[in-house]
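Chain and residue survey
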Amino acid sequence: MANDLSDALSYYAATAHPWPEQPPLQGEQRCDVAVVGGGLTGLSAALELAEKGYRVALLEARRVGWGASGRSGGQIIVGWGCDQSKLEKLLGRDDARHLFDWSSEAVDLIHRRREEHQIDCDWRAGHVHVPIKPRQVSELRGWQSDLAEHYDYQTDWWSAERLQQHLGSRRYLGGLYDAQSGHLHPLNYTLGVARAALAAGVQILEHSPVFALQPGESVSLQCPKGQLRADFVVLAGNAYLGGLEPNLDRRIMPVGTYIAATPPLDEATANGLINNDMAVADINWALDYFRLSADRRLLFGGRASYSAIEPPALRGTMRRRMHAVFPQLSGVDFEYLWGGFLGITMNRAPDFGRIGSNVYYAHGYSGHGMAVSGIAGRVIAEAIAGQAERLDLFERIRHRPFPGGKYLRMPLLATAMAWYKLRDALW
Ligand SMILES: Cc1cc2nc3c(=O)[nH]c(=O)nc-3n(C[C@H](O)[C@H](O)[C@H](O)COP(=O)(O)OP(=O)(O)OC[C@H]3O[C@@H](n4cnc5c(N)ncnc54)[C@H](O)[C@@H]3O)c2cc1C
């Protein structure tokens, strides 16, 4: 995936805690479980499995945290990439409730790991979804009553005036504030989980792209300098997995998305933007989301691209979007601008499951994976250890391949998304 800003230096990489380079896979090796992918899904599965006593090796094509987990907006939000109403349609209300509760468990798991493994990752509590249009006010108020009534989950509705007590922008018509959600430094959290996995005995192998998978009673994985055989495999490559497993490739679409960081702002300017350190996201299809970093930069995310190529004039577009929210930053440019790929499914619901009896996978968080990737790893580890009830429930969600085949699916999705963007602009 060239020209996609994946190799641009991010604010996170520039402020990452040290992580010693791990060796690549060399020669013939064997383990109980091989995990492909060193993001939060893979690391979480590896850590949970090592804690259960399995011999685990994790193969990462680049460096741990190189993918979405280490470059995301860092917004930790209870819930999934699709509305609960969608999950209710797919699974019924009782099982949709289970999924919601597990997304809340996912946030608790972050706190448990931060404390247990002393992961320093700038956690801040508080998140607000903000409406730009009257129809979005109704949508968010609907979410709020639904969450309270059917999920026992309490959020606060803020009027525009109440929101403006904390947010220095006049763009929004109110806000749905959630005190349990929040934000963190995604790369430092990911590296913290990696350190915990190493300490638990996981063998982490970097610069080890898996280019072939041979199924069987013992699965064989091929890397440039070696071969790994394992009783079980966990595919946790997200949108970066490519064609390694064609059945999965058809069901997930990589979508490029971008984040920019201003230079550190002085205290008064930063407080004038957000004075309670919450994270903010609107609910447009092509959404804006933002928050302050620990060193008082504004981290501003948005702009999706349905090709592997960086959108033209990206910096200018991102600047215009930031200034539309915060006109007071009109003289401020960005110090960092980077991008990454998230993996979406057709219905935006998560796609977890098994291929055959010993290859497991989890992906398709559809832009909402920072917290739930932790639960995905846990659910897969439980299934490998013989407790598959939770994975069975996820497997009941039916997923369809993107239409258009290998070559037409991206242009078709781009056309569909253009319609949603138009809808955002008009209504
Ligand atoms: C710019 C951006 C902003 C985002 N913001 C948010 C946010 O604010 N909140 C939120 O909840 N979610 C957000 N997301 C989504 C979230 O980051 C992801 O859902 C989550 O990190 C996925 O974790 P993962 O471990 O499944 O995948 P990744 O973190 O992408 O890790 C996959 C890893 O697998 C490796 N890999 C792939 N194929 C192979 C192979 N064949 N061999 C070896 N290794 C391989 C890759 O190199 C990569 O490191 C964002 C994503 C992006 C890109």
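As a reminder, the structure under discussion sits directly above these lines.
Below is a summary of the structure that appears in this document. (Residues numbered from 1 in each chain as written. Predicted model: local features only at pLDDT ≥ 70, side-chain atom pairs only at ≥ 80, totals over all residues.)

**Topic: the overall build of the chain**
The number of helices and strands found in the chain is 13 helices and 17 strands. Expressed along its principal axes, the backbone C-alpha trace of the chain runs to roughly 60 × 45 × 45 Å. (Helix = DSSP H or I, 4+ residues; strand = E, 2+ residues; numbered from the N terminus.)

**Considering the site of the ligand**
The full set close to the ligand counts 43 residues, and G39, G67, G73, G237 and G369 are the nearest of them. Going through the elements one at a time, α2 (40-51), β11 (253-261), β15 (336-344) and α11 (369-384) are the ones with two or more residues in the shell around the ligand. No other element matches α11, which puts four residues into the shell around the ligand. Partitioned by chemical class, the residues of the shell around the ligand number 19 nonpolar, 21 polar and three charged. (Near = placed C-beta within 6 Å. Nonpolar A, V, L, I, M, F, W, Y, C, P; charged D, E, K, R; others polar.)

**A closer look at the nonpolar core**
Among soluble globular proteins, nonpolar side chains are generally buried collectively. Counting residues in hydrophobic clusters, the biggest one holds 121 residues, and the most contacted among them are A46, L59, A197, V234 and I380. When residues of this core are assigned to their parent elements, the largest contribution, 10 residues, is made by α11. Sequence-distant contacts of I380, that is, excluding residues within four places in its chain, are made with A45, V234, Y360, A362 and L391. (Core = buried A, V, L, I, M, F, W, Y, C linked by C-beta atoms within 7 Å. Buried ≥ 20, exposed ≤ 12 C-beta atoms within 10 Å, placed from the backbone. Contact = placed C-beta atoms within 7 Å.)

**What to know about the packing of α2 against α11**
The N-to-C vectors of α2 and α11 enclose an angle of 40°; their axes lie 7 Å apart at closest approach. The angle between α2 and α11 falls in the class oblique. As for how α2 packs across α11, the hand of that crossing is right-handed. Here α2 contributes L40, T41, S44, A45, E48 and L49 to the contact with α11, which in turn contributes M370, S373, G374, A376, G377, R378, I380, A381 and I384. Split by residue class, the contact of α2 with α11 holds eight nonpolar, five polar and two charged. (Axes fitted to C-alpha atoms, helices over the stretch in contact; angles between N-to-C directions. Parallel < 35°, antiparallel > 145°, perpendicular 65-115°, else oblique. Left-handed = near helix turned anticlockwise from the far one by under 90°.)

**Some remarks on the packing of helix α4 (residues 93-116) against α11**
Two packed helices can be described by the angle between their axes and the distance between those axes. Following both chains from N to C, one finds α4 and α11 inclined at 95°, their axes separated by 8 Å at the closest point. When the axes of α4 and α11 are compared, the pair comes out roughly perpendicular. Only A371, V372, G374, I375 and R378 of α11 make contact with α4, whose side of the interface consists of W102, S103, E105, A106, V107, L109 and I110.

**Side note on helix α5 (residues 134-151)**
When the terminal C-alpha atoms of α5 are compared, their 25 Å separation across 18 residues agrees well with the 26 Å that a helix rising 1.5 Å per residue should span. Within two residues after α5, D152 carries a phi angle of roughly 50°, on the positive side. (Expected span 1.5 Å × (residues − 1).)

**Regarding the environment of V130**
Checked against the element boundaries, V130 lands in strand β4 (residues 124-130). Each residue touching V130, except ones within four places of it in the same chain, is listed here: L163, Y172, G175, V280 and D282.

**Some points on the environment of G369**
As for its position among the elements, G369 is in helix α11. Among the residues examined, G369 registers 26 C-beta atoms within 10 Å and is labelled buried. For G369 and G343, which are 26 residues apart along the polypeptide, the C-alpha to C-alpha distance reads 9.3 Å.

**Structural notes on the environment of I344**
Relative to the assigned elements, I344 resides in strand β15. When the C-alpha positions of I344 and V130 are compared, they lie 22 Å apart, and in sequence the two are 214 residues distant. Residues in contact with I344, not counting those within four places in the same chain, are M253, V255, G364, S366 and G367.

**Observations regarding the pairing of strand β16 (residues 351-355)**
As defined by bridge partners, β16 adjoins strand β17 (residues 359-363) across five bridges and the pair is classed as antiparallel. Residue pairing in the sheet places F352 in a bridge with A362 of β17. Hairpin connection between β16 and β17: a loop of three residues separates the two successive antiparallel strands, and G356 in this loop has a positive phi of roughly 65°. (Pairing = 2+ DSSP bridges.)

**With respect to unusual backbone geometry**
Here Q118, not a glycine, exhibits a phi torsion of approximately 50°, which is positive. Position of Q118 among the secondary structure elements: in the loop between α4 and β4. Residue Q118 is classed as exposed on the basis of its 10 C-beta neighbours within 10 Å. Even without a glycine there, the phi angle at N238 is positive, about 55°.

**A few points about the pairing of β11**
Burial of β11 is extensive: nine of the nine residues sit out of reach of the surface. Residue alternation in β11 divides its side chains into two sets, M253, V255, T257, I259 and A261 and P254, G256, Y258 and A260, and both sets are buried. Note that β11 and β15 share nine bridges and pair antiparallel. The partner of G256 across the bridge, within β15, is F341. The pairing of β11 with strand β14 (residues 298-305) spans six bridges and is classified as antiparallel. Residue pairing for β14: I259 is matched across the bridge by G301.

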